[in-house]
Amino acid sequence: MIRAALCGLTILAVCGPRAGRAQSPENAESRAPVVVASKPFGESYILAEIFAQLLESRSIAVERRAGLGATEIAFGALRSNAIDVYPEYTGTGLLAILNDTLDASMRTDAGATFSYVARVFEERYGVRWLAPLGFENGYAIAVRRETATQYQLRTLGDLARVGGELTAGFTSDFIGRPDGLDGLSREYGLRLRAVRPLAPAVKYAAIAEGAVDVIDGYTTDGLLARYDLVTLEDDRRFFPPYQAAAILSPRLSDERPDAISVLSLLSGRLDEGRMRVYNRRVEVDGEDIRAVAADALRELGLVPREGGDGPSDTASGSAPRVGIVPFLWSRRMETGFLALRHLELVLVALFAALVVAVPLGLVLERSRRSAEWVVGALGVLQTIPSIALLAFMIPLLGVGTKPALVALWLYALYPIARNTYTGVRDADIDAVDACEAMGATATQRLMWVRLPLAAPIILAGVRTAAVITIGAATLAAFIGAGGLGEPIVTGLALADSRLVLSGAIPAALLAVLVDSVLALVERSVAPAHLRAGDPDPAG
Amino acid sequence: MSLSLDATEVSHRYGGVAALTRVSVRVAEGSVVALVGETGSGKTTLLRSFNRLVDPSEGTVLVGGEDVRLLDPVVLRRRIGYVPQNGGLLPHWTIRRNVALVPRLVGMEDIGHVADVALQRVGLDPRAFGERLPRELSGGQRQRAALARALAAKQGAILLDEPFGALDAISRSEAHEVFERVRHELGVTAMLVTHDLAEAARLADTIVVMRAGVVEQAGSVDVLRGAPASAYVRMLFDRAEAAGAALGVG
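Residues numbered from 1 in each chain as written. Chains lettered and ligands numbered in written order. Predicted model: local features only at pLDDT ≥ 70, side-chain atom pairs only at ≥ 80, totals over all residues. Heavy atoms only, no water.

## Re the overall build of chain A
Threshold: By the criteria applied, helices consist of DSSP H or I runs no shorter than four residues and strands consist of E runs no shorter than two, each listed in order from the N terminus. To sort residues, take the accessible area from a 1.4 Å probe on protein chains only and compare it with the maximum for the residue type: under 20% means buried, over 50% means exposed, and anything in between is partly exposed. Contacts are assigned to residue pairs that have any heavy atoms within 4.5 Å of one another. Note that accessible areas follow from Shrake-Rupley with a 1.4 Å probe, and for residues the cover is restricted to the protein chains shown.
Helix and strand counts for chain A stand at 26 helices and ten strands. A buried classification covers 56% of the 539 residues belonging to chain A. Looking at chain A alone, contacts between residues at least 24 apart form 78% of all its contacts between residues at least 6 apart. If you sum the accessible surface of chain A, you get close to 22,100 Å²; carbon and sulfur atoms cover 59% of it.

Below, the structure is given as structure tokens:
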């Protein structure tokens with residue numbers, strides 16, 4: 001339904017004419033679009049959209065990259081000028097990016113934290129923090145209202161008292177971070193009966209159904225209200241201040257004073273109450289992010305009230321939640337575009353892998369001693385989690401299509417090279433030997449015997465690679481490459497399972513479809529003796 | 001034009017293991033020599049040194065009087081037919097195309113016809129078998145097709161590596177008849193590796209008994225049976241006769 005606009009937009013942004021960003025100083029005055037990005041959660045989407053619309057209202061060209069991976073990916077992209085601005089939080093900057101410890105004086109003094117973080121970022125990365133937007137969004141530990149009543153919980157100190165009887169469901173982010181579970185347990189002497197790592201998308205459903213009793217959220221979270229959860233007070237002030245602010249790439253801070261002065265208009269203007277309302281409208285009411293951002297800018301008086309710039313185009317304000325089937329049907333056009341985009345990524349990566357891996361497999365067959373090593377090394381590549389591989393690409397290739405293609409290409413290499421190597425190696429050894437013995441050259445043996453006999457095995461490798469690549473390509477959305485991963489990423493961020501399914505189901509169908517098409521190809525390349533049905537045992 | 005095959009003082013090692021030690025064997029033009037011995041006796045290594053699938057560490061190998069080391073292996077191999085144990089037919093090619101392999105490699109004209117003549121020679125009707133795939137033939141028919149392929153380009157010599165070892169008794173006997181007929185028709189020189197003494201006695205003019213990389217004894221079947229040079233040679237004959245083989249009385 002309404003996320004349509006967002007996804008459609010990102011597609012345009014991704015496919016848009018923007019080969020090779022101007023990074024050289026000579027091009028300083030060229031009006032390259034400002035690349036506005038966000039991390040994959042509701043508030044970050046909204047803030048980025050507010051940045052983008054504000055810039056556009058001042059005639060500054062913008063390119064959107066919503067929902068980039070997580071902190072490392074978004075920040076990595078910013079440092080390397082692959083994106084120009086995204087909303088970040090001082091606490092995250094301090095602990096997750098600088099890996100710094102929290103000075104006692106900073107705990108209570110948000111201003112001190114901000115000046116420290118801003119100074120170190122400038123020195124270390126050339127990344128600039130604009131003045132805070134005006135609200136904080138720290139961690140919130142929440143329980144169901146009935147749990148709070150039953151155990152008389154008001155503060156985290158109270159929780160520590162009865163922790164042994166409660167099960168927590170925390171995001172893996174929170175479990176892993178120094179300012180997360182570890183520090184919290186130490187500070188409060190908190191011991192829980194069990195801690196389950198949960199995806200952000202499922203933790204609210206899990207607590208609502210009683211599968212867990214305690215979760216982590218954000219203080220401005222719209223979903224805390226939707227599920228009627230009680231936030232426990234951080235009475236010892238363990239969590240650092242998480243002031244939200246726009247942070248800028250080195251390129252933007254050096255070259256675009258115009259954009260900086262526009263973005264600075266937001267400093268100090270967004271208070272916690274407003275932000276909670278915007279988050280609720282998106283996360284609870286399912287409103288379109290573009291519409292909410294446009295309303296925010298009008299409320300702040302930053303764009304004229306009836307400018308006609310309203311994204312009141314197709315996206316209807318607050319459509320009632322419909323069933324999954326009508327929902328998928330209503331998104332069929334966007335899904336089609338996303339699927340095409342997805343297919344494009346997969347096919348380009350697959351073709352490039354084919355061009356490299358088949359000759360590689362042939363070379364390996366001729367130098368078998370190194371073959372196992374090389375194939376083994378490609379296999380190790382396969383074990384790198386996709387999201388980590390994508391993150392590694394950013395400093396080298398930025399965000400968007402290029403790093404995604406390279407990562408997908410790397411994944412596709414292994415099955416094709418492996419099957420080419422073994423297929424050619426094991427192709428009817430007697431026949432190959434006889435051909436050699438009667439004077440067929442190496443090339444003739446390859447073209448007449450080995451390749452034709454290995455073809456079905458090579459094709460099987462291509463099929464494996466295709467299915468792997470289609471799966472991995474859903475993660476490419478984390479680095480802004482688009483495709484069917486886009487609604488999955490957004491849906492996970494907004495705890496909207498219909499949106500997740502609107503990407504996951506077509507991706508699965510696409511995998512089945514591509515696999516079936518390749519199965520037909522496989523049959524058509526099968527050598528004559530394997531094609532004609534039942535092999536003759538009496539033969 | 002048939003080619004003689006000569007090996008003189010040939011030794012070969014695989015890594016540290018001696019496969020052949022100072023072996024000398026001569027196959028005169030148009031005659032048939034059988035190499036007999038157990039697995040690992042070096043007979044296949046010796047066979048493969050004539051078409052340079054093996055390049056021996058020491059010694060001289062001559063084909064038609066020419067030192068094989070001075071010849072391009074590809075050119076050499078196109079002059080010599082080859083029949084491995086399982087035929088080595090390309091499974092995805094028709095019989096006609098298989099048989100036309102070497103004629104095609106050497107650039108003969110009308111290779112389809114050449115292949116059909118070769119098939120006819122081994123008793124396979126080209127109209128019935130030409131368009132079939134190898135798996136549609138019986139084992140004996142496949143080996144005959146492999147023999148046709150090995151001789152289709154009028155090769156002057158032919159190397160056979162246990163060509164009939166996997167066949168049932170009747171097919172083997174038929175294959176033997178075909179081999180004898182073709183061999184005399186073309187006057188081709190042949191070297192045959194086998195572990196079946198009865199087969200060697202039937203097909204070969206000279207039998208070379210090999211054991212652990214050396215020639216134990218070489219001669220006609222009568223010489224070997226009448227005056228075995230070693231206990232091993234005698235044992236081979238005793239064993240074969242005990243198994244009921246009629247060993248070259250004629």
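## Some points on helix α23 (residues 442-473) of chain A
To be explicit about the condition: Expected helix span is taken as 1.5 Å per residue step, with the number of steps being one fewer than the number of residues. A residue's bend is given by the angle between axes fitted to the 7 residues ending at it and the 7 residues starting at it.
In this model, α23(A) (32 residues) spans only 38 Å end to end at C-alpha, well below the 46 Å of a helix rising 1.5 Å per residue. The sharpest bend along α23(A) comes to roughly 50°, located at Ala455(A), with the proline Pro456(A) sitting one to four residues further on.

## Observations concerning the side chain of Arg48(B)
Rules: Side-chain atoms alone can form a polar contact between residues adjacent in sequence; in general such a contact is a pair of N or O atoms within 3.5 Å, and within protein one must be able to donate a hydrogen while the other accepts it.
Mapped onto the secondary structure, Arg48(B) falls in helix α1 (residues 43-49). Polar side-chain contacts of Arg48(B) include one of 2.9 Å to the side chain of Asp433(A).

## Some points on the interface of chain A and chain B
Quoted interface sizes are often the accessible area lost when the parts come together. Note the threshold: The term buried area denotes the loss of accessible surface (1.4 Å probe radius) that occurs when two parts are joined, taken as the sum for both partners. For salt bridges, the criterion is a side-chain nitrogen of Lys or Arg within 4 Å of an Asp or Glu carboxyl oxygen. Nonpolar residues are Ala, Val, Leu, Ile, Met, Phe, Trp, Tyr, Cys and Pro. Charged residues are Asp, Glu, Lys and Arg, and all others, Gly as well, are polar.
Counting residues at the interface gives 26 residues for chain A, matched by 29 residues for chain B. Here chain A and chain B share an interface that buries about 2,200 Å² over both sides, 62% of which is from carbon and sulfur atoms. When the area that chain A buries against chain B is broken down by residue, the three leading residues are Met438(A), Trp448(A) and His529(A), summing to 33%. Linking chain A with chain B are two salt bridges. In this structure, the salt-bridge partner of Glu436(A) is Arg77(B), at a minimum N-O distance of 3.9 Å. Between the two partners, chain A and chain B, sit six residue pairs in polar contact (both at pLDDT 80 or more). Elements represented by at least two residues in the side of chain A that touches chain B include exactly α22 (429-437), α23 and α26 (528-531) of chain A. The greatest single-element share of the side of chain A that touches chain B, amounting to seven residues, is contributed by α22(A). Classifying every residue of the side of chain A that touches chain B gives 14 nonpolar, six polar and six charged.

## Concerning the environment of Ala18(B)
All names here are of chain B. Take Ala18: it is sitting in strand β2 (residues 17-27). Overall, the relative accessible area of 38% leaves Ala18 in the partly exposed class. In this view, Ala18 contacts His12 and Arg13; residues no more than four positions away in its chain are not counted.

## Overview of the packing of helix α18 (residues 332-366) of chain A against helix α19 (residues 368-383) of chain A
To characterise two packed helices, one gives the angle between the axes of the helices and the distance between these axes. Residue and element names in this part refer to chain A. In plain terms, the rule: Lines are fitted to the C-alpha atoms to define the axes, a helix being fitted only along its stretch in contact, and any angle between axes, read from their N-to-C directions, falls within 0 to 180 degrees. Small angles under 35 degrees read as roughly parallel and large ones over 145 as roughly antiparallel, with 65 to 115 read as roughly perpendicular and the rest as oblique.
At their nearest, the axes of α18 and α19 sit 6 Å apart, and the two run at 140° to each other. In this view, α18 runs oblique relative to α19, as classed from their interaxial angle. Across the interface between the two elements, Leu360, Leu364, Glu365 and Arg366 from α18 touch Arg368, Ser370, Ala371, Val374, Val375 and Leu378 from α19. Its residues assigned to classes, the contact of α18 with α19 comprises six nonpolar, one polar and three charged.

## Re the environment of Val32(B)
Residues and elements named next belong to chain B. Summarising the element assignment, Val32 is placed in strand β3 (residues 32-36). Spatially, the C-alpha atoms of Val32 and Ile207 are 8.8 Å apart, while their sequence positions differ by 175 residues. Sequence-distant contacts of Val32, that is, excluding residues within four places in its chain, are made with Phe179, Arg183, Ala190, Leu203, Ala204, Asp205 and Thr206.

## Digging into the sheet that holds β3(B)
Residues and elements named next belong to chain B. Using the following cut-off: Pairing between strands is defined by DSSP: at least two bridges between them are needed.
With respect to topology, six strands assemble into an open sheet ordered β6-β7-β8-β3-β9-β10, the strand pairing being mixed. The strands lining the two open edges of the sheet, one partner per strand, are β6 (80-83) and β10 (214-219). Sheet twist, expressed as the mean angle between neighbouring strand axes with direction ignored, is 15°. Across five bridges, β3 lies against strand β8 (residues 189-194) in parallel orientation. The residue bridging Ala34 from the neighbouring strand is Leu192, located in β8. Sitting on the sheet, helix α7 (residues 139-151) touches β6 and β7 (157-161), and the angle it makes with β6 is about 165°.

## Quick word on the packing of aromatic side chains
Residue and element names in this part refer to chain A. We count it as follows: Stacked, tilted and edge-to-face pairs are distinguished by plane angle, under 30 degrees for stacked and over 60 for edge-to-face with tilted covering the rest, among Phe, Tyr and Trp rings (Trp via its six-membered ring) whose centres lie within 6.5 Å. The rule is short: NZ of Lys or CZ of Arg within 6 Å of the ring centre and within 35 degrees of the ring normal puts a charge over the ring.
Counted by the stated rule, this structure contains 17 aromatic pairs over all chains. Ring plane angle 80° and centroid distance 5.9 Å describe the contact between Tyr139 and Tyr242, whose orientation is recorded as edge-to-face. Of the two residues, Tyr139 is situated in strand β5 (residues 139-144) and Tyr242 in the loop between β9 (229-232) and β10 (244-248); the sequence distance between them amounts to 103 residues. A residue is classified by how much of its surface remains accessible, and Tyr242, at 3% relative accessible area, is buried. Pairwise contacts between aromatic rings join Phe41, Tyr89, Tyr139, Phe170, Phe174, Tyr218, Phe238, Phe239 and Tyr242 into one cluster. Residue placement shows Arg498 over the ring face of Phe327; its charged tip is 4.4 Å from the ring centre.

Everything listed here is a matter of geometry and, on its own, says nothing about what the molecule does.
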